[in-house]
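# Structural features, examined
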Amino acid sequence: MTVKARRVAVIGAGPAGAIATDALVKEQAFETIRVFDRRAGIGGTWVYTPHLPTAIPSLGDLVSGKADVAITPPPQLPTVTPVSEDVNGHHRRFSDTALHENLHSNIIPAIMSYTQEPFPDKLSPRTLADYGPGAPFRHHTVIREWVEGIFSRSGHEKLLELSTTVERAEKVGGEWVLTLRKEALGRNYWWRETFDALVVATGHYNIPWFPNIPGLLEYDQKFPGRIQHSKHFRNSSKFKGKRVVVVGGSISAHEIVHEILGAAQAPVYASLRGEPIPAFGWEPFIHPDIAVKKEIKRFDPETGRLHFADGSILDDVDYVIFGTGYTFSIPYIPHVQERIRNAYRRLPGVYQHTWDIDDPTLIFVGMLGGGFTFRVYEWQAVAAARHLAGRANPLPPIPEQLEWERKRVAEKGGGKDYYSIAPNYGDFFEFLRGIAGEPAPGTTGRVLPVFDEKWLEIWTGMVVNKIEGFQRKRKRAEEARSPVKAKL
């Protein structure tokens, strides 16, 4: 099916929304481009929200997959309604971001930034302390400024509608009808707009995911506040002197364990199910103040005791922080949300993490992982923009798209394995470049370069850099524990 859209809506003004907007504008094929974001500023998940509440609204709803429900709009629009907790509450809407005060990018700028928008050479004091003047990582404030620059340098701010939530997106008579709500001056302003195509660029770091461990919900009820998620971690202050268990073997768990070292009671316990992510292996957990435990098999709500898979136990725990990632949620598109709830931690019905199989006017940018973010968003965005302009090379037939999904589910299941593009980075980039093709003559469309194998070398070097950082911290801790030698 050939698509030729005139009016396109982008949902999200973070890194994915920024590059999607730029690609659409530079394609010079659309009469209307509108960008909606529920936050008051540009940046998406890179907007730091320490002022918002960090507690889990309902652990039971999160575990059962019933959290983040859609809001029912007023029956008659446009209209104005008062602000309410049900509609505007940050807890209920999961509108806080997953940033902590010391969070840095974990990918080297040369392969993280977009090809025409390099990261600024700006290092925070924490970056300098941990990695030195040649540090390859950037503080979250630098990343947000970079995203803002993509909008501001090209004049894309005029396309933005901030503090505006897309509460419903439905296909009616061949058009996307968006029900919109802007919060301003203590009131909610509701209206509708129509579009030919929709680009969803809201990311997948909003809804925390918890494994359903026996006793977890009862434990949370008996000891409210003891169960935490990495999304709500802001700094180490409240963990000072506390006994803490961090659950997970990926990036979030690495970061939190090392953030609370020196503040929390030693040792900090790291609970893993199986092996950690292969890129870093066990290095993040080898430290004199970290004790590695097997996965938690049961929470005892009567005693507060934690039971681990190897038969060991742990008492008097103050906090259990789950660094177990997130799940997808798109409540404003009801049929997509229904698909998500019937699958395991993935975005079903979507070809190559980008195109809705049933409706090629619905596109997703940034709903993947496994490395080369944000760079890969650019390839998705350009392919999407050219597809919506009717200039891209055709997608394969629907049966072939469905077969791609079927095979991937059979091989990967769900979760990170499904939506990760690792290790076949080059194949994925080149597939998107093949769909995008070249810009139309006389336009300013973005040109996608061939995937450079040197990027893989940089990726490997980045991992080495992080590992060396863990090793330096371990060495400092070991030296601090060594007895001071008498001077001769």
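Everything in this summary refers to the structure shown in the same document. (Residues numbered from 1 in each chain as written. Predicted model: local features only at pLDDT ≥ 70, side-chain atom pairs only at ≥ 80, totals over all residues. Heavy atoms only, no water.)

Further remarks concern helix H12 (residues 398-412). Its 15 residues give H12 an end-to-end C-alpha distance of 21 Å, which sits within 8% of 21 Å, the value for a rise of 1.5 Å per residue. Regarding H12, the residues found buried are Gln 401, Trp 404, Glu 405 and Arg 408. Angular distribution of buried residues about the axis of H12 spans 90°; they occupy a single face of the element. The exposed set on the far side of H12, more than 90 degrees from its buried face, consists of Pro 399, Lys 407 and Ala 410. Looking at the buried residues of H12, the elements they touch are strand S19 (350-351) and helix H13 (416-419). Phi turns positive one or two residues past the end of H12, at Gly 413, with a value near 75°. (Helix = DSSP H or I, 4+ residues; strand = E, 2+ residues; numbered from the N terminus. Expected span 1.5 Å × (residues − 1). Buried < 20%, exposed > 50% of the residue type's maximum accessible area, 1.4 Å probe, protein only. Arc of directions from axis to C-beta. Contact = heavy atoms within 4.5 Å.)

Let us now look at the packing of aromatic side chains. The geometry of an aromatic ring pair is captured by the separation of the ring centres together with the interplanar angle, meaning the angle of the planes. By the definition in use, this model includes 31 aromatic pairs. A ring pair is formed by Phe 119 and Trp 146, whose centres lie 4.6 Å apart and whose planes are at 90°; its orientation type is edge-to-face. One end of the pair, Phe 119, is in the loop between helix H5 (109-112) and helix H6 (125-131); the other, Trp 146, is in helix H7 (residues 140-153), with 27 residues separating them in the sequence. Classification of Trp 146 as buried rests on a relative accessible area of 3%. With 5.2 Å between their ring centres and 85° between their planes, Phe 451 and Trp 455 make a pair best called edge-to-face. Owing to a relative accessible area of 7%, Phe 451 belongs among the buried residues under this scheme. With relative accessibility at 11%, the residue Trp 455 sits in the buried group. (Phe/Tyr/Trp six-rings, centres within 6.5 Å; stacked < 30°, edge-to-face > 60°.)

The next subject is H7. An ideal rise of 1.5 Å per residue puts 20 Å on 14 residues; H7 measures up with 20 Å between its terminal C-alpha atoms. Listed as buried for H7 are His 140, Val 142, Ile 143, Trp 146, Val 147, Gly 149, Ile 150 and Phe 151. In this structure, the buried side of H7 is in contact with helix H1 (15-27), strand S2 (32-36) and strand S4 (160-161). Gly 155 sits one or two residues past H7 and shows a positive phi near 75°.

Quick look at a nonpolar patch on the surface now. There is a patch of nonpolar side chains on the surface, built from Trp 282, Ile 286 and Val 292 and spanning about 240 Å² of accessible area. Position of Ile 286 among the secondary structure elements: in the loop between strand S12 (268-271) and strand S13 (290-293). Here Ile 286 falls in the partly exposed class, since its relative accessible area comes to 40%. (Patch = residues over 30% accessible without salt bridge, like charges linked within 9 Å, V, L, I, M, F, W, Y side chains within 5 Å. Areas by Shrake-Rupley, 256 points an atom, 1.4 Å probe, with all protein chains shown as cover. Salt bridge = Lys/Arg side-chain N within 4 Å of Asp/Glu carboxyl O.)

This part is about the sheet that holds strand S15 (residues 306-308). Strands pair in a sheet through their backbones, by hydrogen bonds, and they do so in one of two ways: parallel or antiparallel. Pairing in this open sheet of three strands is antiparallel, and the strands run S14-S15-S16 from one edge to the other. The sheet is open, and its two borders are formed by strand S14 (296-299) and strand S16 (313-314), each paired with just one other strand. In this sheet, S16 lies alongside S15 in antiparallel orientation, the contact comprising two bridges. Its bridge partner lying in S16, His 307 is registered against Ile 313. (Pairing = 2+ DSSP bridges.)

For the rest of this paragraph, the subject is the pairing of strand S17 (residues 319-322). Side chains on a regular strand alternate between the two faces of the sheet. Every second residue of S17 is oriented toward a common face, with Tyr 319 and Ile 321 on one face and Val 320 and Phe 322 on the other, all of them buried. Two strands pair when backbone bridges link them, and strand S10 (residues 227-229) and S17 are joined in this way by three bridges, in the parallel orientation. Bridging from a neighbouring strand, Ile 227 pairs with Val 320 of S17. Here strand S11 (residues 244-247) runs beside S17; their pairing, made up of four bridges, is parallel. Looking at the pairing, Val 245 lines up with Val 320 of S17.

Turning to the pairing of strand S8 (residues 197-200), a few remarks are in order. The alternating pattern of S8 places Ala 197 and Val 199 on one face and Leu 198 and Val 200 on the opposite face, and all of these are buried. With four bridges connecting them, strand S1 (residues 7-11) and S8 associate as parallel partners. Bridge assignment links Ala 9 to a residue of S8, and that residue is Leu 198. Strand direction decides the pairing type here: S8 and strand S21 (residues 362-364), joined by three bridges, are parallel. Its bridge partner lying in S21, Val 200 is registered against Phe 364.

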